[in-house]
Amino acid sequence: MSALEPRDVGVTPPTDDADDADVVPGGQGVLGRAHRALSIGIVSVVVLIAFEATAVGTAMPVAARELHGIELYAFAFSAYFTTSLFAMVLSGQWADRDGPLRPLAAGISAFGAGLLLAGTASAMWLFIVGRAVQGLGGGLVIVALYVVVSRAYPERLRPAIMAAFAASWVVPSVVGPLASGTVTEHLGWRWVFIGIPVLVVFPLALALPAIRRMASGPADPDAPRQSFDGRRIRLALAISVGAGLLQYAGQELRWLSVFPAVAGAALLVPAVLGLLPRGTYRAARGLPSVVLLRGIAAGSFIAAESFVPLMLVTQRGLSPTMAGLSLAVGGATWALGSYVQARPRLEPYRQPLMVAGMVLVATAIATAPSVLIASVPVWVVGVAWGVGCFGMGLVLASTSVLLLKLSAPEEAGANSAALQISDGLSNVLLLAAGGAAFAALGGGAVGATHVASGTAGSHPVAFAVVFLPMSGVALVGAWVATRLRVRGASF
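Notes on the structure follow. Everything quoted here is computed from the prediction, not taken from an experiment. (Residues numbered from 1 in each chain as written. Predicted model: local features only at pLDDT ≥ 70, side-chain atom pairs only at ≥ 80, totals over all residues. Heavy atoms only, no water.)

**A few points about the overall build of the protein chain**
Within the protein chain, the regular secondary structure consists of 19 helices and zero strands. Looking at the protein chain as a whole, 58% of its 491 residues qualify as buried. Carbon together with sulfur atoms contributes 68% to the accessible area of the protein chain, which is approximately 18,100 Å² in total. (Helix = DSSP H or I, 4+ residues; strand = E, 2+ residues; numbered from the N terminus. Buried < 20%, exposed > 50% of the residue type's maximum accessible area, 1.4 Å probe, protein only. Areas by Shrake-Rupley, 256 points an atom, 1.4 Å probe, with all protein chains shown as cover.)

In structure tokens:
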């Protein structure tokens, strides 16, 4: 799944009564007359993002094989996250300056353009460029959506629209892999990428006029127009370039790679320290640990998930359709986890729920490579991933809740950007590490024969070295979750 996934957001409703009022069609809730068009429009954007994430993941193994780029497989995912890091900071400042309408429109357009570029690529590097363009669009969209919700919906309605975002992943998680696998097998993987941009038209037509009416322009029209913060933009660019250099160094695995590795670290470290809350790297209690946990949870899970379809296709001979469907149950259990953490009665237990969620994630990641043993049935991956997604629903939704709880109103935008940067940066770095380990232990050789037919050579160690370390990272996240409580806080 991509870092753009808005199934990771959730806010705890203040009361059960407010929760009920928010979902009554035709009333004053998110489907009432005032918010109906906006709600349907922005939820449609999330559905598009969800369908892209699930469909593209299913088609990716075949695309990488036909473009002779299995050894660059991790780049196809991390290129998206690398460029989205820069776009997130830009989108936050753009939305504060001019409102969320322009960054959202630009983001959806770039998202569609990147899909078209990837779908028409004649070489793996062009495919990766297309994914990078998608990342620019995705970074613009995710931050702009947060701003739309904060401006257009009163506080009592935000839990309902956030819950709708999470629920929007359920149907695409089931339909996406099936549709993508069928198209890949019968028409070719390119049509998966080329066909999705058609879905952009409906969200644009419905959401943008409503956003223009309800959330356009700066938050305070009478205040002086803000200028872009050049320092933060430069730091964001340094993060993107530094992450890209580190990933390149890890993928090449030659002694000359030490030079881009050093250059990447020199750019990345000061930029991260400048954009994330003070104390994030040492898991300081409160907000810094919230931001750190977000990155650990998202990065470990997505780095592992990216290799699940490839493992099932190349090592167990599944079709792309069946490999994608192995992850389908995750959409429903993720939404269930998000729903569970949002129950008001569970608010006092939020921290232990997050610890338990990270343990579930670690267990799921460690269980997945058991299917490399021929006697283990492949359905074990589906069950494990359903459990892991439930844990992710508990954890990632809660990080959004705690971010708002621990942020002063004037700091909510900057802290939201920090949360997304932690998410995206961790995805890049852990995908790069996993991809380097995969390539070093012969993972590129799985493309020596036809991936789609499941006749590729067996390289179980190359896959195990991706999953097992990521399980360890997730366990570290369980410890970080014990650091979230601020003394005297109510959660």
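**Regarding the packing of aromatic side chains**
A complete count under the given rule lists seven aromatic pairs for this structure. Taking 5.9 Å as the distance between ring centres and 80 degrees as the angle between the ring planes, the aromatic pair formed by phenylalanine 301 and tryptophan 334 counts as edge-to-face. Here tryptophan 334 lies in helix H15 (residues 329–341) and phenylalanine 301 lies in helix H12 (residues 287–305), a separation of 33 residues in the sequence. Take phenylalanine 301: its relative accessible area is 0%, and that puts it in the buried class. Under the relative-accessibility criterion, tryptophan 334 is labelled buried at 2%. Centroid distance phenylalanine 438 to phenylalanine 463: 5.0 Å. Interplanar angle 65 degrees. Geometry classified as edge-to-face. Pair noted here: phenylalanine 438 is in helix H18 (residues 412–440) and phenylalanine 463 is in helix H19 (residues 460–481), with a separation of 25 residues, a long-range link. Given a relative accessible area of 0%, phenylalanine 463 falls into the buried group. Cluster of aromatic residues (ring-pair linked, three or more members): Phe127, Trp189 and Phe193. (Phe/Tyr/Trp six-rings, centres within 6.5 Å; stacked < 30°, edge-to-face > 60°.)

**A short note on unusual backbone geometry**
Located in the positive-phi region is histidine 68, a residue other than glycine, with phi close to 55 degrees. By secondary structure assignment, the location of histidine 68 is in the loop between helix H2 (36–66) and helix H3 (73–98). Residue histidine 68 is classed as exposed on the basis of its relative accessible area, which comes to 63%. Backbone geometry at alanine 283 places phi at a positive 55 degrees, although glycine is not the residue there.

**A look at the packing of helix H4 (residues 101–119) against helix H5 (residues 124–152)**
Between H4 and H5, whose axes approach to 7 Å, the crossing angle comes to 160 degrees. As judged from the angle between their axes, H4 and H5 are roughly antiparallel. Of the two elements, H4 crosses H5, and the hand of that crossing is left-handed. Contacts from Pro103, Leu104, Ala106, Gly107, Ile108, Ala110, Phe111, Ala113, Gly114, Leu115, Leu117 and Ala118 in H4 reach Leu126, Phe127, Val129, Gly130, Val133, Gln134, Gly137, Gly138, Leu140, Val141, Ala144 and Leu145 in H5. Of the residues belonging to the contact of H4 with H5, the class tally is 18 nonpolar, six polar and no charged. (Axes fitted to C-alpha atoms, helices over the stretch in contact; angles between N-to-C directions. Parallel < 35°, antiparallel > 145°, perpendicular 65-115°, else oblique. Left-handed = near helix turned anticlockwise from the far one by under 90°. Contact = heavy atoms within 4.5 Å. Nonpolar A, V, L, I, M, F, W, Y, C, P; charged D, E, K, R; others polar.)

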